Each structure stands twice: as C-alpha cells, then as structure tokens.
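Listed below, chain by chain, are the residues.
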Amino acid sequence: MTITTRTRTRRARLAAVVGGLAAIAALGTTAPAATAAPDDGAAPVRVEAVTSDTPVMVEDLKLSAQAARTTYYCAVLDGTFGCKNAKPGTGLVVARLYQHIDYGGFQVVVYNPKYREGCTAGTGDNEGGANLGTALANKITSVKTYNHCDVRLYNGNDKTGAHTAFIDRDDYLGSFNDRANSFRIS
C-alpha cells in the first residue's frame, strides 16, 4: 500500500466518522407539538406480535465492525421527547429502526437508560420518542422492538401527521416505507 493509498483510506474513514457524527447530531431534541395534524389515511402496516421475557440491553447487541459504523443511538426517557444521548450507553433496548428491508442498512438503536425489565403493558402511555432529524428522516424501512415495547412511526416531526399502528416487528413497512420523521415508544 502506498502512502497516497493510505492517506485516501484514512480520509475515507474520517469522512465516514464525520458523516456518522453529523447524523447522530441530527437526531431531534425538539419539544412535541401541542396538537397533531390529521391522519392522511395511509394504509396500515403489517404487525406481528413479538414477546421477550429476557431483557435485551444495549451491551447485549452483537454488532459487526461494519454495523457499528452505521449504528446511531438514541436514549429516550418516560414522558419526554428527544434523544437524551446520541452515543452508545447502558440501558434497555426498546426498538431498532432500520434503513432497509429485512433489518439491513444503518440502524437507530433506541434505548432507555433507566429501564431494566421492559415497557409497561398497553399503548396508552408515553415511554419516550424523538424526531429522526434530517440525516435519518424518510429512510426507515423495517423495525424491531424489544422488551414488550411498541413503536409508532409518524410522517411529521414532533409525532404529527400520518402514523402507523403500534409495531412490534415489521421487516417491511409497506405504504409507510421511507416516510418516518419521528417516533413514539409505548
């Protein structure tokens, strides 16, 4: 490998890191809107029930070196909106949002640093949420949730606009593919 090739390789790696940091910084931290926009009548996505009796923690995720370079982190807290931390941390994984069908491409790992056992039953509570930010918005195609949590995706910022039903797991969001701008955990 020549010095020029090494320099190009280092520059490419630095550009990837800077791009990843920009995407992380773009994760929303704005307050929720006071009122939601009306639903645009989009067809619902497929929903598959998934349960987990063993808590899945951030540190339990086994990520390849490639996956680690394309993973973004968002810590959410009950009753709040916005990512509280955009780097890997310790806490319970509540959802993973993926760029491509069948859980491929970049991923957003959503976790709650205060949880140890899982989300509460039902979907009427507010267990956190956030805007995806300009770098990640309109790029989500598949979703997994963990620890009895569910996620609802919205096509507007601040949990507004058309939305999905609460999702446990979906390998392709169908009519909601590449439309999510924000999400809510329940």
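Residues numbered from 1 in each chain as written. Predicted model: local features only at pLDDT ≥ 70, side-chain atom pairs only at ≥ 80, totals over all residues. Heavy atoms only, no water.

Caption draft 1: Quick peek at the overall build of the protein chain. Assigned secondary structure in the protein chain consists of 2 helices and 8 strands. For the protein chain, the N- to C-terminal ordering of α and β elements is α-α-β-β-β-β-β-β-β-β. Across the protein chain, contacts joining residues at least 24 apart in sequence account for 76% of those joining residues at least 6 apart. Of the roughly 9,300 Å² of accessible surface on the protein chain, a fraction of 54% belongs to carbon and sulfur atoms. (Helix = DSSP H or I, 4+ residues; strand = E, 2+ residues; numbered from the N terminus. Contact = heavy atoms within 4.5 Å. Areas by Shrake-Rupley, 256 points an atom, 1.4 Å probe, with all protein chains shown as cover.)

Caption draft 2: Focus on the side chain of Asn181. When you line up the elements, Asn181 lands in the loop between strand E7 (169-170) and strand E8 (182-185). The class for Asn181 is buried, based on a relative accessible area of 11%. Here the side chain of Asn181 touches Arg179 through a polar contact of 3.4 Å, landing on its backbone oxygen. Those residues in contact with Asn181, other than ones at most four positions away along the chain, are Asn131, Leu132, Gly133, Ala137, Asn138, Tyr154, Asn155, Gly156 and Asn157. (Buried < 20%, exposed > 50% of the residue type's maximum accessible area, 1.4 Å probe, protein only. Polar contact = N/O pair within 3.5 Å; in protein donor to acceptor, adjacent residues only side chain to side chain.)

Caption draft 3: Highlighting the pairing of strand E3 (residues 104-112). Counting buried positions along E3 yields 7 of 9 residues, so the element is predominantly enclosed. Of the pairings in the sheet, the one linking strand E2 (residues 92-100) to E3 comprises 7 bridges and is antiparallel in character. Residue pairing across strands places His100 opposite Gly104, the latter belonging to E3. (Pairing = 2+ DSSP bridges.)

Caption draft 4: Local environment of the sheet that holds strand E6 (residues 151-154). The strand order E4-E8-E6 describes an open sheet built from 3 strands, whose pairing is antiparallel. With one partner strand each, in any of the chains shown, strand E4 (129-131) and E6 form the two edges of the open sheet. Taking each pair of neighbouring strands and ignoring which way they run, the sheet shows an average axis angle of 10°. Pairing of E6 with E8, which is carried by 4 bridges, proceeds in the antiparallel orientation. The residue bridging Arg152 from the neighbouring strand is Arg184, located in E8. (Axes fitted to C-alpha atoms, helices over the stretch in contact; angles between N-to-C directions.)

Caption draft 5: Just the nonpolar core, in detail. Among the nonpolar cores identified, the biggest contains 29 residues, and Leu97, Val110, Ile140, Leu153, Phe183 and Ile185 are the most heavily contacted of them. Put simply, the parts of the chain that give this core at least two residues each are strand E1 (71-75), E2, E3, E6 and E8. For this core, the element with the most residues is E2, which contributes 4 residues. Residues Val56, Leu61, Tyr98 and Val109 belong to the second largest nonpolar core, which totals 10 residues. (Core = buried A, V, L, I, M, F, W, Y, C linked by side-chain atoms within 4.5 Å.)

Caption draft 6: Expanded view of the state of the cysteines. The full count for this structure, using the stated rule, is 2 disulfides. Covalent S-S linkage joins Cys74 and Cys83, the inter-sulfur distance amounting to 2.1 Å. Of note, the bridge from Cys74 to Cys83 carries an S-S torsion of about -100° and is left-handed in sense. You can call Cys83 buried: its relative accessible area is 10%. Covalently, Cys119 is tied to Cys149 through a disulfide, its sulfur atoms 1.8 Å apart. With the S-S dihedral at roughly 90°, the linkage between Cys119 and Cys149 falls on the right-handed side. Pair noted here: Cys119 is in the loop between E3 and E4 and Cys149 is in the loop between strand E5 (142-145) and E6, with a separation of 30 residues, a long-range link. (Disulfide = S-S within 2.5 Å.)

Caption draft 7: A look at the confidence of the model for the protein chain. Scored by pLDDT, the protein chain has a mean of 77; 72% of the residues are at 70 or more. Mean pLDDT per element in the protein chain: helix H1 (residues 3-26) is the minimum at 45, and E6 is the maximum at 97. (pLDDT = per-residue confidence, 0-100.)

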